[in-house]
Amino acid sequence: MNAEIIAVGTELLLGQIANTNGQYLSKELASLGVNVYRHTVVGDNETRMQEAVGEASERADIVILTGGLGPTQDDITKDVIADFTGRKLLVHEASAQKIKDYYNRTGRAMPASNMRQAHYAENSTVFFNQNGMACGMAVEEGGTHYILIPGPPREMKSMYKYDVEPYVAALAGSGRLVSSRVLRFYGIGESSLEEELQDLIEAQTNPTIAPLAGDGEVTLRLTAAAATADEALQMIAGVEEQVQRRVGEHFYGYDDDSVFNHTVNVLKERSQTIASAESLTGGWFAKSIVDVPGASSVFQGSVTTYSKAAKQHILGIDRPLLEQDGAVSAACAEAMAEKVKEKFNTDIGISFTGVAGPDRDEGKEPGLVWIGVSGPHGTISKQIHIAGTRDRVRFMALYEGCRLLWKEKVVENDNIQ
């Protein structure tokens, strides 16, 4: 089967928000063996929405529309589909009651327009919204299935997993199940990874191997089709074993794992705590770690010491060191890591200092970064040179810092090999 995705909302066309829903849905549909050939974005305009739906219906078995299910007059997705398929709009009682209960709990008067969120087309399958108010629906007409789901990503993802995925899986069922696994790599470029795996990629049939470059990392999506999920996963495991033998030193996680999530897990496994001293990154490392659920068990705190004066007065870096070696130096990075470790009484201290650009600093070129790590077995520093924009320099410094924490023996406990 093939599908098209129509994202509804003038705010998408204006660039006020990004269409992340399309990316998510394409990825999920691919895992069901459903090909997505087109993405369309259309504003809250009835005529243009009718045109988009009409064009998609001529090409696709499944047309998924996200957005436009809310309570306002410009939320017209359900109206358009009801008109296009020649059906009446009815009220889904369970959804209507959820909306009423919400307003009763909050003690607010409910605008009559809110009942629009409980509308559905007659003779359709209704999807109850677990994380919001607007119900979704699926309706078949002329051999095409039209699926309507909310625009807010939290609501969209929940409804997809609860209701849409089983619905589409039933439509796409052909006795073969498609399973995927994403392998995540850091410290190797996409071209280098492909070169190492060139023969495997050229010979791929089932499973397939799809490399993809991301922000500072590379992923491989392994996809297999088989009669059962277990059989598909066994096929994937066989290919993964070959991949890991060649580039396993750069592998760090699967699927939705992240560099920062992996870092927290590594620290948990080692039963170690950490604190950060940040100049170049301005607190970005601390935020990225704290964004990981459960980070409180390993992360104790952070200081942002952007100026030399702050490094001296808050961290206690010696003034002669700053004057002689400079703030962007191995000596400063190591001292920052040691001082923040002492300040927070942690097992590890990590520091970031450098020149993000666009101008030189201390006579040093933009992109020069020093990272310091102080752990149970001493203190180290690493110099790296990062090309690109100011934000890319800072972001890639975070990745390199995390990689130091994974790899360097200086931070490991005696029982860690």
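Residues numbered from 1 in each chain as written. Predicted model: local features only at pLDDT ≥ 70, side-chain atom pairs only at ≥ 80, totals over all residues. Heavy atoms only, no water.

A. Geometry of the overall build of the protein. Tallying secondary structure elements over the protein gives 15 helices and 17 strands in all. By principal-axis analysis of the C-alpha atoms, the protein measures approximately 80 × 60 × 40 Å. The long-range share in the protein, meaning contacts at least 24 apart out of those at least 6 apart in sequence, stands at 68%. By element, 47% of the accessible surface of the protein is carried by carbon and sulfur atoms, the whole surface being about 19500 Å². Distance between charge centroids for the protein: 5 Å, based on 39 positive and 56 negative side chains. (Helix = DSSP H or I, 4+ residues; strand = E, 2+ residues; numbered from the N terminus. Contact = heavy atoms within 4.5 Å. Areas by Shrake-Rupley, 256 points an atom, 1.4 Å probe, with all protein chains shown as cover. Lys, Arg positive; Asp, Glu negative; His and termini not counted. Charge placed at Lys NZ, Arg CZ, Asp CG, Glu CD.)

B. View of the nonpolar core. Core analysis: the largest hydrophobic core is formed by 37 residues, its most contacted members being Ile274, Phe285, Ile350, Val369, Val373 and Leu405. Only α10 (259-270), α11 (284-290), β15 (348-354), β16 (368-375) and α15 (390-407) provide two or more residues apiece to this core. Here the element with the most residues in this core is α15; it accounts for ten residues. Not counting residues up to four positions away in its chain, the partners in contact with Val373 are Ala337, Ile348, Gly349, Ile350, Gly378, Thr379, Ile380, Leu404, Leu405, Val410 and Val411. By size, the runner-up hydrophobic cluster in this structure holds 21 residues, among which are Ala56, Ala60, Val63 and Ile81. (Core = buried A, V, L, I, M, F, W, Y, C linked by side-chain atoms within 4.5 Å. Buried < 20%, exposed > 50% of the residue type's maximum accessible area, 1.4 Å probe, protein only.)

C. Summary view of α10. Relative to the 16 Å expected for twelve residues at 1.5 Å per residue, α10 spans 17 Å between its end C-alpha atoms, a close match to the ideal helical length. Among the residues of α10, those classed as buried are Val259, Phe260, His262, Thr263, Val264, Val266, Leu267 and Arg270. Contact partners of the buried residues in α10: β12 (251-254), β13 (274-278), α11, β15 and α15. (Expected span 1.5 Å × (residues − 1).)

D. Representation of the packing of α10 against α15 in the model. Where α10 meets α15, the closest approach of the two axes is 10 Å, and the angle between their N-to-C directions is 25°. Classified by the angle their axes make, α10 and α15 are roughly parallel. For the element pair α10 and α15, the recorded crossing hand is left-handed. Between α10, through Val259, Phe260, His262, Thr263, Val266 and Arg270, and α15, the contact on the second element is made entirely by Leu398, Tyr399, Cys402, Leu405 and Trp406. Its residues placed into classes, the contact of α10 with α15 shows eight nonpolar, two polar and one charged. (Axes fitted to C-alpha atoms, helices over the stretch in contact; angles between N-to-C directions. Parallel < 35°, antiparallel > 145°, perpendicular 65-115°, else oblique. Left-handed = near helix turned anticlockwise from the far one by under 90°. Nonpolar A, V, L, I, M, F, W, Y, C, P; charged D, E, K, R; others polar.)

E. Structural view of the pairing of β15. With seven of seven residues buried, β15 lies mostly within the body of the structure. Going residue by residue along β15, you find Ile348, Ile350, Phe352 and Gly354 tucked away on one face and Gly349, Ser351 and Thr353 tucked away on the opposite face as well. Of the pairings in the sheet, the one linking β15 to β16 comprises six bridges and is antiparallel in character. Among the inter-strand pairings, Ile350 is bridged to a residue of β16, identified as Val373. (Pairing = 2+ DSSP bridges.)

F. Region of the structure containing the domain arrangement of the protein. By domain assignment, the protein separates into domain 1 (2-172), domain 2 (177-254) and domain 3 (259-411). Computed from C-alpha coordinates alone, the two centres of domain 1 and domain 3 are separated by 45 Å. (Domains from an automatic or database assignment.)

G. Spatial organisation of the side chain of Ser95. With respect to the helices and strands, the residue Ser95 is situated in helix α5 (residues 93-106). At 2.7 Å, the side chain of Ser95 forms a polar contact with the side chain of His92. The contact partners of Ser95, leaving out residues within four places of it in the chain, are Ala118, Phe128, Met133 and Cys135. (Polar contact = N/O pair within 3.5 Å; in protein donor to acceptor, adjacent residues only side chain to side chain.)

H. Seen up close, the layout of surface pockets. Reported here for the largest pocket is a volume of approximately 1100 Å³. Taken together, 34 residues form the lining of the largest pocket, with Lys27, Val182, Arg184, Arg221 and Asp256 sitting closest to its centre. Taken together, the elements giving at least two residues each to the lining of the largest pocket come down to α2 (20-30), α6 (153-172), β9 (177-185), β10 (208-213) and β11 (218-226). Of the residues forming the lining of the largest pocket, the biggest block, seven residues, is contributed by β9. For the lining of the largest pocket, the residue count by class is twelve nonpolar, nine polar and 13 charged. If you count residues domain by domain, the lining of the largest pocket takes at least three from each of domain 1 (2-172) and domain 2 (177-254). Of the volumes computed, that of the second largest pocket is approximately 380 Å³. Lining the second largest pocket are 29 residues; nearest its centre among them are Glu11, Gly67, Gly68, Gly151 and Pro152. Counting only elements with at least two residues in the lining of the second largest pocket, the list comes to β1 (2-8), α1 (10-13), α2 and α6. (1 Å grid on protein atoms, 1.4 Å probe; cavity = no way out; pocket = protein on both sides within 12 Å on 5 of 7 lines; lining within 4 Å. Points joined across faces, edges and corners; volume = space filled by probe spheres on them.)

I. Here's a closer look at the sheet that holds β1. Read across the sheet, six strands follow the order β2-β1-β3-β8-β7-β6 without closing on themselves; strand pairing throughout is mixed. Each edge of the open sheet is held by one strand with a lone partner, namely β2 (35-42) and β6 (125-127). Taken pair by pair, the neighbouring strands of this sheet meet at an average axis angle of 15°, ignoring direction. With five bridges connecting them, strand β7 (residues 136-141) and strand β8 (residues 144-149) associate as antiparallel partners. In the sheet register, Glu141 faces β8, and the bridge partner there is Thr144. Helix α4 (residues 77-85) rests against β1, β3 (62-66), β7 and β8 of the sheet, and its axis sits at about 165° to β8.

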